Amino acid sequence: MNPDIRKERENATFNVEILTSILDGSPEKTRRRREIETLVINDPDFQHEDLNFLSRSERYDAAVKKSAQMILKLREYGISDPEEIYCYKSCVHRGRPEPLDLHLGMFLPTLLNQATPEQMDALFMPAWNLEIIGTYAQTEIGHGTHLRGLETTATYDPATQEFVMNSPTVTSIKWWPGGLGKTSNHAIVLAQLHTQGKSHGLHAFIVAIRSMGTHMPLPGVVVGDIGPKFGFDEVDNGYLKLENVRIPRENMLMKFAKVEPDGTYVKPPSSKLTYGTMVFIRSMIVGESSRALSKACTIAVRYSVVRHQSEIRAGEPEPQILDYQTQQHKLFPLLATAYAFHFVGQYMNQTYHRITGDISHGDFSELPELHALSAGLKAFTTWTANAGIEVCRMSCGGHGYSRSSGLPDIYVTFTPTCTYEGENTVMMLQTARFLMKSYRQARGGQQLSGIVSYLNESERRLQPQPVSARPTVVNINDLASLVEVYKLRAAKLVELAAKSIQQELQQRRSQEDAWNRSSIDLVRAADAHCHYVVVKLFAAKLGEIGDTGVHSVLSGLALLYALHGVTLHSGDFLQADLLSVPQVNQANQRVKELLAQLRPNAVALVDAYDYRDQMLNSVLGRYDGQVYENMFEWARKSPLNRTEVHDSYHKYLKPLQSKL
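Note that this is a predicted model, so its numbers are computed, not measured.

What follows covers the pairing of strand 8 (residues 238-242). Across the two faces of strand 8 the burial differs, with Gly-238, Leu-240 and Leu-242 buried and Tyr-239 and Lys-241 not buried at all. Here strand 4 (residues 174-175) runs beside strand 8; their pairing, made up of two bridges, is antiparallel. If you follow Lys-174 over to strand 8, its bridge partner there is Leu-240. As paired elements, strand 7 (residues 221-225) and strand 8 share five bridges and run antiparallel to each other. Each bridged residue has a counterpart across the sheet, and for Val-223 the counterpart in strand 8 is Leu-240.

Here you go:
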């Protein structure tokens, strides 16, 4: 053990094990997670060569092999709980994407949520047993987040009781689904439904794309891999072109919407039910934001106590770089953010399952809010985490650029979340649309419930008040007071966005043009709404924590998260007269104090995430802090070092030298 990192752990002021159990959900869940991790890590079938030294084809091959073995092991061990399956899968693939991700994460959940009992009987067990290997084909080469613009068609033929599936244009070719290129033999295809001469919008269809026996593409199916990407080297993201492919009527997922044998269309109770799988994935991505950012913080914080650099005082030993206030300012707010997002992720998971339970009993009342909240928080958390991972990488200096650090892989694996399952700006605008509707309802006297209930009082609370009655009531050191300020900021920015639209309409612009010309304000409003939700949920979580030491350190993190947000968005708080200039200055000073206060617990706080070295896959973030010895060993394994003299020397350099 590196002595610096040992000393950090000895100086912690709280019980790390208690905090780990809080993060996992309970001591029993911690015990079970560790049990599953040990099961995978000690399994010789899951040992592999460093992926950084493999070609893309080799990485895909290795991932498919591990996925196939994983399915067999899950059956052998009788692991069927979704959380435990996710844990086992994450251990097998070390948190990296894999070819069955969409089969397990979207194909099966879509069947569960949108298939009829008859369809479940016919499809689910073959899919569970990997006879059917599925993917989720929504995005097209010319259309992504704008779902109404998707062009793939499903035209019902009552004479044969079949749907005719077509990709009528180049831009309608399905593009990007993971597992589509080479792995899957079926796809859930989102297509525009046409029956009896009318269009009824997007619906989901099960389409066989490859032979179950030979795995060759079926007639009318043009399918393949889209080629190398920024990352995701283990995944065969694919394209799919359908040319008059006929599927049985029963292959339309009909739990909600239906097409009768004669072609009669039966509407679903809610149009948003078609997008249930996306809402599920967006809710999960919030938790993924925390995991990715917390891994990056773990690496950066541990390395920052091992790395010594420069001088604070001339002639004295080089200090740990985490002793520099600037390094703390880079990393500690991000660590606070990772914790905040973790608790928001837990909330989203619970909320999703609660509301989907209501939906299964015919109650659709909370679906619009779930849709809006999952869209906004997906954007808010992924933007923040994506930028934060890069800050962590740069905070590790030059060594952060090496793949041995693990940080480049975390970044390239996480960064597509900003665009998949909904491009983030569009997601924010979807949340803004819900906020504008809610604002109009509140103005009309309707009492709102749920997370937007703060708009009920926005008109009264945001009226100009005497200067003496405004900012002075805010206590910068009180989290409850800051939650209130964030709420009022959100309400103010929602109001400003609504007034912007109204002003545009008064200039005789159309609703569409007024919306577009107000879209910057709308995104700001949605962002402020999401920021308020995160601060509120982090503060609420503290009320569930009984251990004094853990409560104290998490309170410091929550306060840092809220105050750091104030310093970043001080203009909003000042413009809305929610804070005064002295209070903003006080917030800046308090942030500095909190950095120093959290410094002794930094390593313990990242340790609480309990990432084993095998899962973190980082030389810089090793638990034992033995960075340099292992970095040297890692470098020596490079394929370029298999020979002392590379073939290129004899082929190109030596002949060149003889001619000079």
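Before going further, it helps to spend a moment on a positive patch on the surface. Taken together, the side chains of Arg-148, Arg-433, Lys-437 and Arg-440 define a basic patch exposed on the protein surface. Checked against the element boundaries, Arg-148 lands in the loop between strand 1 (134-137) and strand 2 (153-157).

On to the confidence of the model for the protein chain, then. Considering every residue of the protein chain, the mean pLDDT works out to 92; 97% of them sit at 70 or more. Counting contacts from residues 464-469, a segment whose pLDDT is below 50, to residues more than four positions away or on other chains yields one contact.

For the rest of this paragraph, the subject is unusual backbone geometry. The phi torsion at Leu-130 lies on the positive side, around 65°, for a residue other than glycine. Mapped onto the elements of the fold, Leu-130 is located in the loop between helix 7 (117-128) and strand 1. Non-glycine residue Trp-176 carries a positive phi angle of around 105°. As for its position among the elements, Trp-176 is in the loop between strand 4 and strand 5 (186-195).

If you trace the backbone, Glu-8 turns up in helix 1 (residues 3-10). With a relative accessible area of 5%, Glu-8 lands in the buried category. Ignoring anything within four residues of it in the chain, the contact list for Glu-8 reads Val-305, Gln-320, Arg-599, Pro-600 and Val-603.

For the rest of this paragraph, the subject is helix 16 (residues 519-542). The end-to-end C-alpha distance of helix 16, which contains 24 residues, comes to 35 Å, matching closely the 34 Å that a straight helix rising 1.5 Å per residue would cover. Within helix 16, 18 of the 24 residues are buried, which leaves it mostly tucked inside the rest of the structure.

On to the environment of Ile-226. Tracing the backbone through its elements, the reader meets Ile-226 in the loop between strand 7 and strand 8. Taking the C-alpha atoms as reference points, Ile-226 and Gly-238, separated by twelve residues in sequence, lie 5.0 Å from one another. When residues no more than four places from it in sequence are discounted, the contact partners of Ile-226 are Trp-175, Trp-176, Asn-237, Gly-238 and Tyr-239.

In this section: the state of the cysteines. Formally, a disulfide is one covalent bond, and it connects the sulfur atom of one cysteine to the sulfur atom of another. Scanning the model with the defined rule gives zero disulfides in all. Here Cys-87 is not cross-linked by a disulfide; its sulfur's nearest cysteine counterpart is in Cys-91, at 4.4 Å. We classify Cys-87 as buried; its relative accessible area is 14%. Between Cys-418, a cysteine without a disulfide, and Cys-530, which holds the nearest cysteine sulfur, the sulfur-to-sulfur distance is 14 Å. Judged by its relative accessible area of 10%, Cys-418 falls in the buried class.

For the rest of this paragraph, the subject is the sheet that holds strand 7. Across the sheet, which stays open at both edges, the three strands sit in the order 4-8-7 with antiparallel pairing between neighbours. In this open sheet, the two strands that pair with only one neighbour each are strand 4 and strand 7.

The side-chain alternation of strand 1 yields two buried faces, one formed by Gly-134 and Tyr-136 and the other by Thr-135 and Ala-137. Two strands pair when backbone bridges link them, and strand 1 and strand 5 are joined in this way by four bridges, in the parallel orientation. Within strand 5, the residue paired with Gly-134 across the bridge is His-186.

Two numbers describe how helix 3 (residues 27-41) lies on helix 5 (residues 82-92): the axes approach to 9 Å, and their chain directions differ by 40°. Between helix 3 and helix 5, the crossing angle belongs to the class labelled oblique. As for the relative orientation of helix 3 and helix 5, their crossing is right-handed in sense. Contact residues: helix 3 offers Lys-29, Arg-32, Arg-33, Ile-36, Glu-37, Leu-39 and Val-40, while helix 5 offers Glu-83, Glu-84, Cys-87, Tyr-88, Cys-91 and Val-92. In the contact of helix 3 with helix 5, the residues fall into seven nonpolar, no polar and six charged.

To continue, consider the nonpolar core. Where a protein is soluble and globular, its nonpolar side chains tend to be buried together. Counting residues in each nonpolar core, the largest one holds 169 residues, and the members touching the most others are Leu-19, Tyr-339 and Leu-554. Considering every element that reaches this core, the biggest residue donor is helix 8 (residues 276-306), with 16 residues. Setting aside residues no more than four positions away along its own chain, Tyr-339 makes contact with Leu-19, Leu-23, Phe-538, Leu-554, Leu-557, Leu-605, Ala-608 and Tyr-609. Ranked by size, the runner-up nonpolar core spans 24 residues in total, among them Ala-191, Val-223, Met-254 and Val-259.

So, about the pattern of salt bridges. Taken as a whole, this structure holds 44 salt bridges when the rule is applied. Across the salt bridge formed by Glu-288 and Arg-291, the nearest N and O atoms sit 3.0 Å from each other. Taken as a pair, Glu-288 and Arg-291 lie in helix 8 at a separation of three residues, close to a single helical turn. Note on Glu-288: relative accessible area 25%, which makes it partly exposed. A residue is classified by how much of its surface remains accessible, and Arg-291, at 29% relative accessible area, is partly exposed. The salt bridge involving Glu-484 is made with Lys-487; its shortest N-O contact spans 3.2 Å. Here Lys-487 and Glu-484 lie together in helix 14 (residues 479-506), a separation of three residues that amounts to about one turn. Put simply, Glu-17, Asp-24, Arg-33, Arg-34, Glu-37, Asp-610 and Arg-612 are held in one network by salt bridges that share partners.

Rules behind the numbers
- Residues numbered from 1 in each chain as written.
- Predicted model: local features only at pLDDT ≥ 70, side-chain atom pairs only at ≥ 80, totals over all residues.
- Heavy atoms only, no water.
- Buried < 20%, exposed > 50% of the residue type's maximum accessible area, 1.4 Å probe, protein only.
- Helix = DSSP H or I, 4+ residues; strand = E, 2+ residues; numbered from the N terminus.
- Pairing = 2+ DSSP bridges.
- Patch = residues over 30% accessible without salt bridge, like charges linked within 9 Å, V, L, I, M, F, W, Y side chains within 5 Å.
- Areas by Shrake-Rupley, 256 points an atom, 1.4 Å probe, with all protein chains shown as cover.
- Salt bridge = Lys/Arg side-chain N within 4 Å of Asp/Glu carboxyl O.
- Lys, Arg positive; Asp, Glu negative; His and termini not counted.
- Charge placed at Lys NZ, Arg CZ, Asp CG, Glu CD.
- pLDDT = per-residue confidence, 0-100.
- Contact = heavy atoms within 4.5 Å.
- Expected span 1.5 Å × (residues − 1).
- Disulfide = S-S within 2.5 Å.
- Axes fitted to C-alpha atoms, helices over the stretch in contact; angles between N-to-C directions.
- Parallel < 35°, antiparallel > 145°, perpendicular 65-115°, else oblique.
- Left-handed = near helix turned anticlockwise from the far one by under 90°.
- Nonpolar A, V, L, I, M, F, W, Y, C, P; charged D, E, K, R; others polar.
- Core = buried A, V, L, I, M, F, W, Y, C linked by side-chain atoms within 4.5 Å.

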